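Close look at the chain arrangement
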Number of protein chains: 4
Amino acid sequence: MFNSFGNILRLTSFGESHGKGIGGVIDGFPAGIRIDMDFVQAELNRRRPGQSLITTARKEGDKVEFLSGIFEGKSTGCPIGFIVWNENQHSNDYDNMKEVYRPSHADYTYKVKYGIRDYRGGGRSSARETISRVVAGALAKQALRQLGVRITAYTSQVGPIRLEENYTAYDLDLIETNPVRCPDPVKAKEMEEFIFKIKGEGDTIGGVVTCVIKGCPIGLGQPVFGKLQAALASGMLSINAAKAFEYGDGFKGLKQKGSEQNDVFFNNCGRIETKTNHSGGIQGGISNGQDIFFRVAFKPVATVLMEQHTVNLDGVDTTLKARGRHDPCVLPRAVPIVEAMAAMTLLDFYLIDRTTQL
Amino acid sequence: MFNSFGNILRLTSFGESHGKGIGGVIDGFPAGIRIDMDFVQAELNRRRPGQSLITTARKEGDKVEFLSGIFEGKSTGCPIGFIVWNENQHSNDYDNMKEVYRPSHADYTYKVKYGIRDYRGGGRSSARETISRVVAGALAKQALRQLGVRITAYTSQVGPIRLEENYTAYDLDLIETNPVRCPDPVKAKEMEEFIFKIKGEGDTIGGVVTCVIKGCPIGLGQPVFGKLQAALASGMLSINAAKAFEYGDGFKGLKQKGSEQNDVFFNNCGRIETKTNHSGGIQGGISNGQDIFFRVAFKPVATVLMEQHTVNLDGVDTTLKARGRHDPCVLPRAVPIVEAMAAMTLLDFYLIDRTTQL
Amino acid sequence: MFNSFGNILRLTSFGESHGKGIGGVIDGFPAGIRIDMDFVQAELNRRRPGQSLITTARKEGDKVEFLSGIFEGKSTGCPIGFIVWNENQHSNDYDNMKEVYRPSHADYTYKVKYGIRDYRGGGRSSARETISRVVAGALAKQALRQLGVRITAYTSQVGPIRLEENYTAYDLDLIETNPVRCPDPVKAKEMEEFIFKIKGEGDTIGGVVTCVIKGCPIGLGQPVFGKLQAALASGMLSINAAKAFEYGDGFKGLKQKGSEQNDVFFNNCGRIETKTNHSGGIQGGISNGQDIFFRVAFKPVATVLMEQHTVNLDGVDTTLKARGRHDPCVLPRAVPIVEAMAAMTLLDFYLIDRTTQL
Amino acid sequence: MFNSFGNILRLTSFGESHGKGIGGVIDGFPAGIRIDMDFVQAELNRRRPGQSLITTARKEGDKVEFLSGIFEGKSTGCPIGFIVWNENQHSNDYDNMKEVYRPSHADYTYKVKYGIRDYRGGGRSSARETISRVVAGALAKQALRQLGVRITAYTSQVGPIRLEENYTAYDLDLIETNPVRCPDPVKAKEMEEFIFKIKGEGDTIGGVVTCVIKGCPIGLGQPVFGKLQAALASGMLSINAAKAFEYGDGFKGLKQKGSEQNDVFFNNCGRIETKTNHSGGIQGGISNGQDIFFRVAFKPVATVLMEQHTVNLDGVDTTLKARGRHDPCVLPRAVPIVEAMAAMTLLDFYLIDRTTQL
C-alpha cells in the first residue's frame, strides 16, 4: 500500500533505476481535463539530470508515454497509466556496488527488510523514482490551474548560502532564469559557483527548497489527522534526501510570543483576511485563503567520489570508491518535485472537500 | 477518513472539547497483549492540564473508560473502544466566542468548510482531542515494550531558551523530574521561570520537543511514499500547534558536505553499525537499527488574554478579549503526545513489516 | 482496518455482546444534515430482539447515546461517536460455552486466529454488533432522503415459503404491518406460523431478504473494482449468517439468452430509460437511474436448543446443549440491517461521485 | 481509489480495450518469491479469446511484459508493474457505436458519470481489463502454492445445463480437458454443443462458475466488515457480467433447519474438523481449515448480433446491429478470472493475518 500517494487522487508508482522504466498509475483524476502534453514533458525536463554544468552529467531522455485514461486530449476519469522508459540499462557501472553497502544509501536497510536487493544503482530507492511524481504533478497542476491555484518553488539555500528574506521579497518570475532556480540573481550566481566547486571536489551539498501556493481556496484540509500541513509534510518527507519540513514561521517563529504571532482578521473590502501570515495560510489544518508557504531541507546526496569506509555483504570492513558521474547538488532538480507533491496534495484535498456538504 | 491514523494499527478518534467526551477506536491492535491500566492513566495524567503552575489551571480529571476489546486484562484483537468523559461541559465561558472568529484559531476555516461550527471552546479543533492519541499511544507503548523499543521525548526549547547539545549529552532519566520535562535541570529552571513570566503577561510561548527512539528493529518503514520519516512527520504535524519537523541532522546539517555527513558502516563485534548517525536512524525510509531522533516545533498557543483585533461572523471588524485561564506554554504537555504519535507509528510499521516476506 | 466500512463515509464499529456496549464512529458524514433522533431510535427498535413472539425473547433496550459530531440538532462534519450500552452483562448464561466450541459459531476460528477468545455469548462475533450498522444506516438514510433516495427491504422467503413474484407485484407499504416484514399478508401469516412451529422445536430457519432502492441518481458506482454491486455484495456478506447475494436477475436469469436479457433503452418523454430491468439498475458497475434491487440469503441461526456433538478446548469430543432463549428466524430483524448497509453504501458512493468532475 | 483491489497485496489496474494496452501495478507482493513466467503466460492463455470454436474468434496475443519488481527471477518486494500491449487498436469496427448507447453495456452510465466516453469497444468497461487480474492472480497463486493452498474453478452451469452435484462428486483434474472447463465430460459436451448453437444464432448465454479452495490455513479473514466471504463476494461481483455470489450451501440451504445445517466439530486423529461443511469452510468470517467453495453467476454477454432497439446520444430512439465477432459464452474464460480474484484475496488475507499477534 506504500507505493501509493493520495486518497481520492492517488498515484501508484513503480520502477527501478536500472529496470525497464519508471511509471505509475494516476487514479481518481477528474474527468474532462484537457491535458497539455508539452507541459508534462517540460516539467519532466526540469527534473532531468544533465540540464546544466552543476547537476549530474548523466544523460536521461525521460520521454513520457501515456498508456491509458486520456482520450482525444482529455482525461476520461479512468486511471492514467504511464511509463518513462530507461534508456540506459547498463548496470555494469554498478558491479562494484553488488558486494558492499554504500554509506547513507538504502542498500543495507533494503537487504535486511526484503532479504533480496536489486543492487543496480539503487534500484527502487533511486531518485529516478521521482519521475512518476513529476508526471502526476504535471497533470494535477493542469487541473489546479482551472481552479486558479498556482504553485511555485525555488532554491532558497545551498550549503551556507541562503536567502534571508521571505518569499514576498523576491520576484518569483526570475526563478527559471538561472540553473540553480533561485529568484535572487546575485545569490543564484554565488550558489552556482559554490556547487561547481563542490562538484570539482567530488563532494555534494544540500540546501532548502521554499514553496509558495497562491490562490488556494478556503477550506482545503481536514481537521485532526488529515491536516493540510500533515499531508504536505508527509509528501515532502517522502522525497529522497528530504530531512525537514516547516510551514509558516516554522522553527524561526519560536522566539515570538503568541500575541506577536497571532494573525488577526480584518475585513479587506468585504473579504475576511489576516493582517499577517505567520500561520502560513493554514489554520486548524485547513487553508484560510492566504498564501501557503513552506520549506523543505535536503541533505547532501550520499554518492560522493572519494573513498569511504564501509562493510561488504558479509559484514567485513572494506572501502568503496564510487566511479563516474555524481550529482553535487540535488536542489535545482528537487524544485519541480516539491511542486509536484504539493500539486497532488492540493488537488486531492480539493476533491475531498467536495464531499463535505451535500 | 481523516479522523483515523495508521494503516494496520488504526486509531479513529471522536469528540469535542465541550461535547460529552473525547474517545476513539483502536483497530488492529495485536491480540494477547497484557494491558496495564495504571500505565494508561499515568500517560493521560502527563498530558492533563493543571499539573503545575506553568500549565493552564483548567482542571480536567481525564479518566479513561475502556468499552471493548480487552478481556481478562488482555487485548483480544477486537477493536478497543474508549472514552474520556468531559467533566465540565459548561460552555457559557465561550459565549463571547460565538459571534467572532478568534485569531489563529480554526473558527473561521471550520465555518467556511462545514457551513456550521460548534463554537464551544474550539469544538473538534480543541487540543483536548489529543487525549485519544495518548490513550492509543499508551497501548502501543506496551506492545513495543515487548519488542524492546523505548520512546522518550523531552522539551528542548522554550522560546529563546534551548538545549544546545544533541540528546546523547543528557541524562534522559531526569526528564520527568521537573514540570517542563527537560533533561537539563539548569535549563529546566530557566524555562520554568520564563514560562511563569509569560503567563503573568497573559501571553504564550512556543518551543521544541525532541524525541528519541531506542531499540527499533532494523527494517521498519516502507520505501517511497511510506518512508518512516514521512509517517512520523505526518503524525507530528497533525498535532495542534506543530509547525515543523526535522529528523537526524535536519536543517542544521545543511552546511556540511556529503563526505562529512555520510554515516559509514563498520563491523561492531559482529553487528553492522554506523560510526555516526547524521541519518537519524533511517536510511532510504527504513530504520537501520541506530537511534531514531527527531524534533518538532510548536508555535505559541493562540489563546492570549490581551485584547486582539478580529472580525465577527458578518465580517465586521471588532475586538476580542479572552477571559479566564490560558495555557502559557504547550511544550510540557506536548511531550507525551509526541511520544504517543511515535509509538503508534512504530507499532503500525512493525506490523506492516511482518507482511514483507512469506 | 477491518472494523471499518466505507470509503468517504466510514463507520468504524466496536463492542462485544457482553462487554460494556456496542458503538462506533461515523466519519465523513456530510455537515449540516438535520438528525431526527426519533427516527434513529425507531430504526434500532426494528432491529431489537423481543419485538414479537417469533423472535428471540431476549430483552434489549438498545437506546443510542450520541457522543459527538452533532450540534444543535445538525451534523457538524466531525466524527459522530455513539454507543448503545449493554444492559444485561451477566455472562453466567454462557459459562458452559467457555470450555467448548459451539458448532457453526465463530468460537473455534477466533480462538485459532487470536489465541484468545471472549467466550461470553459470541463476543465480537455476536449479531449485537449490527447495532452499530443500524445507527449509521439511520443517519445515512436521512441524508439520502434529501437526495430523493428511498431504500426498502422485506422478507421474501422463510424456509420453504417464498414470494414468487418480483418486488413490483407487492405493495411495499404493507411490509411493516406484520412481524415477519413481508409485503404479502397471506404469505406473511404462513411464514409467521412456520417460524412459531420451528421455535417450538428449539430449531431455527433461514430465508431471503429482498431490497429495493428507488430514486437513485444516475452515475453512482465506480468502474472495475468499485462496482456498485461489488460494494453492496461486500456489505451484505459482512452481515452475520448471510450466505448469498444476487442483484437484478441473478441466478434466475441464467436460462435466458442475451437477446432476451438485454435492457434496451428508449426515450421516455425526454428521459432515457430502459424497457426492462434485468440489470437491476446497475450497468458497468454504475447506477442507471432504474430501480436497484437485490436479494440476500441468510442461513438458519447456529444456536439451536437440542443437544449437539462438538469438541472442547482440548479437542476432546463432547456434547453441548444450549440453554435459555434462542432466535428461531433472523429474517425480520435482518431487514433493517440490510437497509442500513445499503444506505451507507449509497451515501458513500454519492459522495465519491462528487469528485468525478471538477 | 477504485481501480485498486486488496489491502496489503494490492493490484492497481489501468487500460482500455482499444488504448495502448492493459496493465497494472501489484504492490505488497512478498519479497523472495520465485516467479515462473511460463505459468503467468499460461494463465493469460486460459483467459484469452480465440481458444476454441465456442469463444469469440477475436485474436488477442496477450503477452505480458513485466516492468519492475522482479530481479534475477524473484520478487523483490517492490511494486511489480506490467503491461499487456493491445495488438489491434483499430477502432473503426466501433465507429457505429460512437453515436448510440449499446443496451446493457456501460456506455450510457459512463457518459452520464464522466461527461466523456471512450467509445472504442467499451473502453475501460471492456472485459479486456480482466487481463490485469489474471496476471496478478498468477503471481498470487505462486505465493499461495508455497503455503499449500490450491484454487480450482470450473464451469458448473451453462444456460439450462448444469451439474447437479457438489464439487466433491467430480474429478477436478478433468476440468482442463475440454473447452468448456467442466469436470463432467458428458455435461461438458452438452454445454459445448449448446454454446455452439447459441453462437450460430448470434446470441449469448450465461452460467455459473464454481470455485474450490483446498489447503487454506485456519484463521484467514477478519471479523465484522472484512469477513472472508465479503471480500470474496466483492472480488467476484467486480468481474464483468457477474450477477450473484453464494458460498457454502448458499441459496440452496434455505430449506434446511439449523439443526440440520450446523457443522458439528469432531476430533479427527488429533485435528479438529467438521463432519459436514455447509458453512463452506468459513465461520464467523474466518477460514476454519475445511474446503472453501463458492459459486458465481454470470449473465449472458450483452453484445448480440441481432438488431436491437436503443437511443442515440441525443436520446432519440434508433436501432443498433453489432457487426463482427461476438463471445457467445463467457463462462470458460471466466474460470481463470474467478481463480485469480480468489488467489489475490487469499494471499492478501494471509498477509493481514500475520499482523494479528506479535
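Rules of the game
Residues numbered from 1 in each chain as written. Chains lettered and ligands numbered in written order. Predicted model: local features only at pLDDT ≥ 70, side-chain atom pairs only at ≥ 80, totals over all residues. Heavy atoms only, no water. UniProt positions renumbered as here; feature names shortened; annotations may be inferred. Helix = DSSP H or I, 4+ residues; strand = E, 2+ residues; numbered from the N terminus. Salt bridge = Lys/Arg side-chain N within 4 Å of Asp/Glu carboxyl O. Buried < 20%, exposed > 50% of the residue type's maximum accessible area, 1.4 Å probe, protein only. Contact = heavy atoms within 4.5 Å. Buried area = accessible area lost by both parts, 1.4 Å probe. Polar contact = N/O pair within 3.5 Å; in protein donor to acceptor, adjacent residues only side chain to side chain. Axes fitted to C-alpha atoms, helices over the stretch in contact; angles between N-to-C directions. Left-handed = near helix turned anticlockwise from the far one by under 90°. Nonpolar A, V, L, I, M, F, W, Y, C, P; charged D, E, K, R; others polar.

1. Some words on the UniProt feature "binding site: NADP(+)" (unreviewed entry) in chain A
- In the numbering used here, UniProt assigns the "binding site: NADP(+)" (unreviewed entry) feature to Arg47(A).
- Considering the arrangement of structural elements, one finds Arg47(A) in helix H1 (residues 37-47).

2. Let's talk about the pattern of salt bridges
- Within the structure shown, the criterion is met by 88 salt bridges over all chains.
- Note that Lys141(A) and Glu339(A) form a salt bridge whose closest N and O atoms lie 2.6 Å from each other. Highlighted residues: Lys141(A) in helix H3 (residues 130-146) and Glu339(A) in helix H7 (residues 331-353), separated in sequence by 198 residues.
- Residue Lys141(A) is classed as buried on the basis of its relative accessible area of 11%.
- By relative accessible area, Glu339(A) is classed as buried at 3%.
- Between Asp107(B) and Arg117(B) there is a salt bridge, with the nearest N and O atoms lying 3.6 Å from each other. Residue Asp107(B) is located in helix H2 (residues 107-114), and its partner Arg117(B) is located in the loop between H2 and helix H3 (130-146); the two are separated by 10 residues in the primary sequence. Like Arg117(B), Asp107(B) is buried.

3. Notes on the interface of chain D and chain B
- Each side of the interface is counted separately: chain D has 15 residues, and chain B has 15 residues.
- Summed over both sides, the interface between chain D and chain B buries roughly 1,400 Å², with carbon and sulfur atoms accounting for 69% of that surface.
- Our enumeration of links across chain D and chain B arrives at 0 salt bridges.
- The interface formed by chain D and chain B includes 4 residue pairs in polar contact (both at pLDDT 80 or more).
- Secondary structure elements with two or more residues in the side of chain D that touches chain B: helix H3 (130-146) and helix H7 (331-353) of chain D.
- Here the element with the most residues in the side of chain D that touches chain B is H7(D); it accounts for 3 residues.

4. A closer look at the packing of helix H5 (residues 228-237) of chain D against H7(D)
All names here are of chain D.
- Running from amino to carboxyl end, H5 crosses H7 at an angle of 145 degrees, the nearest separation of the two axes being 9 Å. In terms of crossing hand, the pair formed by H5 and H7 is right-handed. Here H5 contributes Leu228, Ala231, Leu232, Gly235 and Met236 to the contact with H7, which in turn contributes Val338, Met341, Ala342, Thr345, Leu346 and Phe349.
- Residue composition of the contact of H5 with H7, grouped by class: 9 nonpolar, 2 polar and no charged.

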